[in-house]
Protein chains: 2
Amino acid sequence: MKVSAAVASPSPRSTRARDKLMHAAERLYAEHGFANVSIRMVGEAAGQRNKSAVQYHFSTRDELIQAILARHAAAMDTHRIPMVAALEAAGEVSLQEWITCVIEPTIEHHIELGTPSWYGRFLAQTVVEPSLREYSVQAHLRTPSFRRLEKLRPSRRHERDPEVGARSAAMIRLLVVHMCAELEGDLAEGRADPAGAEQSWRRLGAHLITAICGLSTALLENA
Amino acid sequence: MKVSAAVASPSPRSTRARDKLMHAAERLYAEHGFANVSIRMVGEAAGQRNKSAVQYHFSTRDELIQAILARHAAAMDTHRIPMVAALEAAGEVSLQEWITCVIEPTIEHHIELGTPSWYGRFLAQTVVEPSLREYSVQAHLRTPSFRRLEKLRPSRRHERDPEVGARSAAMIRLLVVHMCAELEGDLAEGRADPAGAEQSWRRLGAHLITAICGLSTALLENA
């Protein structure tokens, strides 16, 4: 296994190169999908003259993808941790409060990314690609804040059917990822007014919370 | 504008060529997306030696895409029309009956396509591509059965906020398209057992109906 540059503390120049590669990769994958983008194209788009730039900084394409996912998941965690702490202090947690704690940090993160951004559409590509779907699930749901949030999940009156639970989770994931990707694309390409971006994101967030509460309740009580 | 071969009644050979092109296009677009597939690639995949085969049979790429969408929408309509007729005869229509009439024909069509199939993933690509999203909406929602179904839509107690109505429709569309695309991909690539395909589709359909009733009710009564 190749020893990567990250074994020693990376130089500022190395960090900048990594950042450029991650930004270029995110944008290319968001716009073209994974099957159609080579790591050489990523290196060129990042302005790297060295043909093996990606392998040097990330070893493999999958590690590059995981690095992008981890960066965004960590940023969302920053927003979620204080919300989780508040729920832990409150004691009893309603379904709506719980779902809000899942969704709102995602929305805040999209707002802080600004317009244009590519992460939402990058994420939409990962959930379509089965081999990469697991990376995005791990990156988002195995963070410190989510582990604490799982313990606070409101319990159901009757025993949860694991198949229905998995279906509900899959539907929620697809809904959040694709609605966010759609808004991000609309803002980036001018179909939605970037001046109203923050309001648009918050309104989407409110609708997602309401919709997910309804979807989840219906499935887990009726299916 | 070019006079296409469809002006006169097409020969059997011409129809076979059109079919081959449509099948090749559907599969390539499903697996790679629209940005990454040229119409020349479609022609080659369909075994056409003539480099302009697509233009000859369809004039443009968009017409080819619309032909694919129309073919599937017509097949779904065949399933939906008797259900709509039954609802019209019944008089009062519940939300669940109405949603069932939207979803079940889609499920039946996926079952009749068999395994492997590509239409679900093709459709998922069209809803991601903003210029093509409108084609897929038109193809599906402007069919004879849907026009009749719209008239039977259960009314809401309070006036519908058009923005929330549009949001609800967008969420339902994304949920159905992406959940179907995911199952289709799982069956095609062996992550789900093709021997149990029919049961898997029907179970997904039942869950979608339940989830959509919950999502729609929550949004239109609470948002």
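From a predicted model like this one, the values you see are computed outputs, not experimental measurements.

On a plain count of helices and strands, chain A comes out with ten helices and zero strands. Mapped from its N terminus to its C terminus, chain A presents α and β elements in the order α-α-α-α-α-α-α-α-α-α. Computed over the C-alpha atoms, the radius of gyration of chain A is 19 Å, within 12% of the 17 Å expected from 2.2 N^0.38 for a compact globule of 223 residues. Seen through its principal axes, chain A has C-alpha atoms that stretch 60 × 40 × 30 Å.

Contacts between the two partners involve 33 residues from chain A, matched on the other side by 33 residues from chain B. Taken together, the two surfaces of chain A and chain B that pack against each other cover about 2,800 Å², and 64% of this comes from carbon and sulfur. Salt-bridge contacts for Arg173(B) lead to Glu182(A); the nearest nitrogen and oxygen are separated by 3.7 Å. Applying the counting rule to chain A against chain B returns seven residue pairs in polar contact (both at pLDDT 80 or more). Elements with a minimum of two residues in the side of chain A that touches chain B: α7 (130–141), α9 (162–188) and α10 (197–222) of chain A. For the side of chain A that touches chain B, the per-class residue count stands at 16 nonpolar, eight polar and nine charged.

Right, let's get into the relation of the copies chain A and chain B. The relation between the two copies of this chain is a rotation about an axis and a shift parallel to it. Superposing chain A onto chain B requires a rotation of 180° together with a translation of 0.0 Å along the rotation axis, leaving an RMSD of 0.0 Å. Expressed as a symmetry operation, the mapping of one chain copy onto the other fits a two-fold axis. Looking at chain A, 100% of its interface residues are interface residues in chain B too, so the copies touch through the same face.

All names here are of chain A. Following the criterion strictly, the structure yields eight aromatic pairs over all chains and no others. Ring plane angle 45° and centroid distance 6.4 Å describe the contact between Tyr-29 and Phe-122, whose orientation is recorded as tilted. One end of the pair, Tyr-29, is in helix α1 (residues 12–32); the other, Phe-122, is in helix α6 (residues 119–128), with 93 residues separating them in the sequence. By relative accessible area, which is 0% here, Tyr-29 ends up buried. Exposure remark for Phe-122: the relative accessible area of 0% places this residue in the buried category. Among the aromatic side chains, those forming a connected cluster through ring pairs are Tyr-29, Phe-34, Tyr-119 and Phe-122.

The next point concerns the domain arrangement of chain A. All names here are of chain A. Once the domains are mapped, chain A shows domain 1 (9–59) and domain 2 (64–221). Centre-to-centre, using C-alpha coordinates, domain 1 lies 26 Å away from domain 2. Contacts between the two partners involve 17 residues from domain 1 and, on the opposite side, 14 residues from domain 2. With both chains or domains summed, domain 1 and domain 2 bury close to 1,300 Å², and 71% of this area falls on carbon and sulfur atoms. Contact with domain 2 buries surface across domain 1, with Met-22, Glu-26 and Phe-34 losing the most and accounting together for 47% of the total. Counting the contacts that link domain 1 with domain 2 gives one salt bridge. Between Arg-71 and Asp-19 there is a salt bridge whose closest N-O contact spans 2.7 Å. Counting across the domain 1 and domain 2 interface gives four residue pairs in polar contact (both at pLDDT 80 or more). Of all elements in the fold, only α1 and α3 (53–58) reach the threshold of two or more residues within the side of domain 1 that touches domain 2.

Right, let's talk about unusual backbone geometry for a bit. Residue and element names in this part refer to chain A. With an omega of 0°, the peptide bond running from Thr-115 to Pro-116 counts as cis. Topologically, Pro-116 is positioned in the loop between α5 (95–113) and α6. A positive phi is found at Ser-59, a non-glycine position, where the angle reads about 70°. When you line up the elements, Ser-59 lands in the loop between α3 and α4 (61–90).

Below, the discussion takes up helix α7 (residues 130–141) of chain B. Under the 1.5 Å per step criterion, the end-to-end length of α7(B) is 17 Å for twelve residues, consistent within 8% with the ideal 16 Å. All of the buried residues along α7(B) are Leu132(B), Arg133(B), Ser136(B), Val137(B), Ala139(B) and His140(B). Taken down its axis, α7(B) places every buried residue within 165° of arc, on the same side. Where α7(B) is buried, its residues meet α9 of chain A together with α4 (61–90), α6 (119–128), α8 (144–151) and α9 (162–188) of chain B.

Here we take up the side chain of Arg133(A). Secondary-structure assignment places Arg133(A) in helix α7. Assessed through its relative accessible area of 14%, Arg133(A) is described here as buried.

Let us look at the packing of α9(A) against α9(B). Orientation of α9(A) relative to α9(B), taken along the N-to-C sense of each, is 120°, at an axis distance of 9 Å. Between α9(A) and α9(B), the crossing angle belongs to the class labelled oblique. In terms of crossing hand, the pair formed by α9(A) and α9(B) is right-handed. Only Arg167(B), Ala170(B), Met171(B), Arg173(B), Leu174(B), Leu175(B), His178(B), Met179(B) and Glu182(B) of α9(B) make contact with α9(A), whose side of the interface consists of Arg167(A), Ala170(A), Met171(A), Arg173(A), Leu174(A), Leu175(A), His178(A), Met179(A) and Glu182(A). Of the residues assigned to the contact of α9(A) with α9(B), the class counts are ten nonpolar, two polar and six charged.

All names here are of chain A. The contact between α5 and helix α8 (residues 144–151) brings their axes to 11 Å, and the two run at 170°. Between α5 and α8, the angle is such that the two are roughly antiparallel. Contacts between α5 and α8 involve Trp-98, Cys-101 and Val-102 from the former and Phe-146, Leu-149 and Glu-150 from the latter. The residue inventory of the contact of α5 with α8, partitioned by class, reads five nonpolar, no polar and one charged.

Criteria and cut-off values
Residues numbered from 1 in each chain as written. Chains lettered and ligands numbered in written order. Predicted model: local features only at pLDDT ≥ 70, side-chain atom pairs only at ≥ 80, totals over all residues. Heavy atoms only, no water. Helix = DSSP H or I, 4+ residues; strand = E, 2+ residues; numbered from the N terminus. Rg over C-alpha atoms; globule rule 2.2 N^0.38 Å. Contact = heavy atoms within 4.5 Å. Buried area = accessible area lost by both parts, 1.4 Å probe. Salt bridge = Lys/Arg side-chain N within 4 Å of Asp/Glu carboxyl O. Polar contact = N/O pair within 3.5 Å; in protein donor to acceptor, adjacent residues only side chain to side chain. Nonpolar A, V, L, I, M, F, W, Y, C, P; charged D, E, K, R; others polar. Least-squares fit on C-alpha atoms with pLDDT ≥ 70 in both. Phe/Tyr/Trp six-rings, centres within 6.5 Å; stacked < 30°, edge-to-face > 60°. Buried < 20%, exposed > 50% of the residue type's maximum accessible area, 1.4 Å probe, protein only. Domains from an automatic or database assignment. Expected span 1.5 Å × (residues − 1). Arc of directions from axis to C-beta. Axes fitted to C-alpha atoms, helices over the stretch in contact; angles between N-to-C directions. Parallel < 35°, antiparallel > 145°, perpendicular 65-115°, else oblique. Left-handed = near helix turned anticlockwise from the far one by under 90°.

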